[in-house]
Every structure is written in structure tokens, then in C-alpha cells.
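Read off the chains here:
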Amino acid sequence: MKMRKRPNILLTGTPGVGKTTLGKELAQRTGLTYVNIGDLAKEGQLYDGYDEEYQCPILDEDGVVDELDEKMIEGGVIVDYHGCDLFPERWFHIVFVLRTDNTQLYTRLESRGYMGKKLQDNVQCEIFQTIYEEAMEAYSEEIVHQLPSDTPEDLERNLEQLVQWTEQWMKDNN
């Protein structure tokens, strides 16, 4: 029996925009495999040191790509990460950049314990659309889409849209 082809989806955006909530729920509804890059790095100790200024480990990007490559070739993976230009373009069939109102984002990040420069830089990243621009440079424009992620209604709408997109992709490619 031939394996059904399944799409790879990248969920990206500033920390705190709702990538993890959306990704886990999407995986549950579609049967795709959810991969949080932060968790993958922690499990495999895929780090290149520690950033004192931001108080966080530095990701070993090559290690992450090596770790995921085989799984990505098989397909059916939802990748969740706040950066996107480290991943090979060939990996993804579609890229969603989640966007959140900066006042709301500030509150979400503060509740996670973000302070000072780390908090300010992440909110500025959202204001200046840094991740969206990064995605537009790293991937073909046709596959990059922005999604609002402010309310529970936005989450539900995004889920419905992504489930529909996934089902259509599978029909078109199998």
C-alpha cells in the first residue's frame, strides 16, 4: 500500500503569538505530527552556548536541521518556531506567520516572565513585522500567509482554515 503524501506546515511568529496552541490543536485535528523546535532542542541538547543578555540557550541551527531532515522528507509535519530562515525552503508547502496586537503581546510575554530588553525586543519584532519579512525573504511569496492571533475566535478561525487547507492539499496531492 502506497503511503499517502501529507504536507509540511511552518507556524512562525514572535514568541507569545499563539504558535504552540494552534500547532498542537491542528495536529490533533489533522493527524499531522507537531514539532516544537524549542522542545526538540531541549530533548536533543541542540545548543551552541548560552545568551547571557536574553537569558536563554543559543540554538544549534545545523543540529536542528540535521535532526529533522528525514522526518520533513516523509512529510506530515507541523513545525513551530519563532524564527524561520534557518529551515530549508524545500521543507514547507505553506508558511503561516501569526500576528498579535502589540499591547496584547506585551501582556502575554510579561506573564511568561519576559523583562527588560528581551520583552522590548520581542514586542518591537512584532511591531516591525520582522518575522513576516524574514519569511517573505526565506520562502516563495505564494506560500507565506499572515494570520491574526488576538482572540479565541481568531484561533478557531485559523484552525478551521488550516484544517481545510490541509484536507484540500491531501486531496490535490494523492
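Residues numbered from 1 in each chain as written. Predicted model: local features only at pLDDT ≥ 70, side-chain atom pairs only at ≥ 80, totals over all residues. Heavy atoms only, no water.

Participant: Explanation requested: the overall build of the protein chain in the structure shown.
Facilitator: What the protein chain contains, in helices and strands, is 7 helices and 7 strands. Taken from the N to the C terminus, the helices and strands of the protein chain come in the order β-α-β-α-β-β-α-β-β-α-α-α-β-α. Taking 2.2 N^0.38 as the reference for a compact globule, 174 residues should give roughly 16 Å; the C-alpha atoms of the protein chain span a radius of gyration of 16 Å, in line with that estimate. Considered along the principal axes of its C-alpha atoms, the protein chain spans approximately 55 × 35 × 30 Å. Of all 174 residues assigned to the protein chain, the portion counted as buried reaches 45%. (Helix = DSSP H or I, 4+ residues; strand = E, 2+ residues; numbered from the N terminus. Rg over C-alpha atoms; globule rule 2.2 N^0.38 Å. Buried < 20%, exposed > 50% of the residue type's maximum accessible area, 1.4 Å probe, protein only.)

Participant: For this particular structure, what's the right way to read helix H2 (residues 37-44)?
Facilitator: One turn of an α-helix holds 3.6 residues; hence residues three or four places apart share an orientation. The complete set of buried residues in H2 reads Ile-37, Leu-40 and Ala-41. Looking straight down H2, one finds its buried side chains confined to an arc of 95 degrees; they lie on one side. Residues of H2 that are exposed and angled more than 90 degrees away from the buried face: Lys-42 and Glu-43. Looking at the buried residues of H2, the elements they touch are strand E2 (33-36), strand E3 (47-51), strand E4 (56-59), helix H3 (61-74) and strand E5 (77-80). The N-cap of H2, judged by a side-chain oxygen 2.9 Å from the amide nitrogen of Gly-38 a few residues on, is Asn-36. Downstream of H2 by a residue or two, Gln-45 has a phi angle that is positive, lying close to 50 degrees. (Arc of directions from axis to C-beta. Contact = heavy atoms within 4.5 Å. Polar contact = N/O pair within 3.5 Å; in protein donor to acceptor, adjacent residues only side chain to side chain.)

Treat this as a map of the structure, not an account of what it does.
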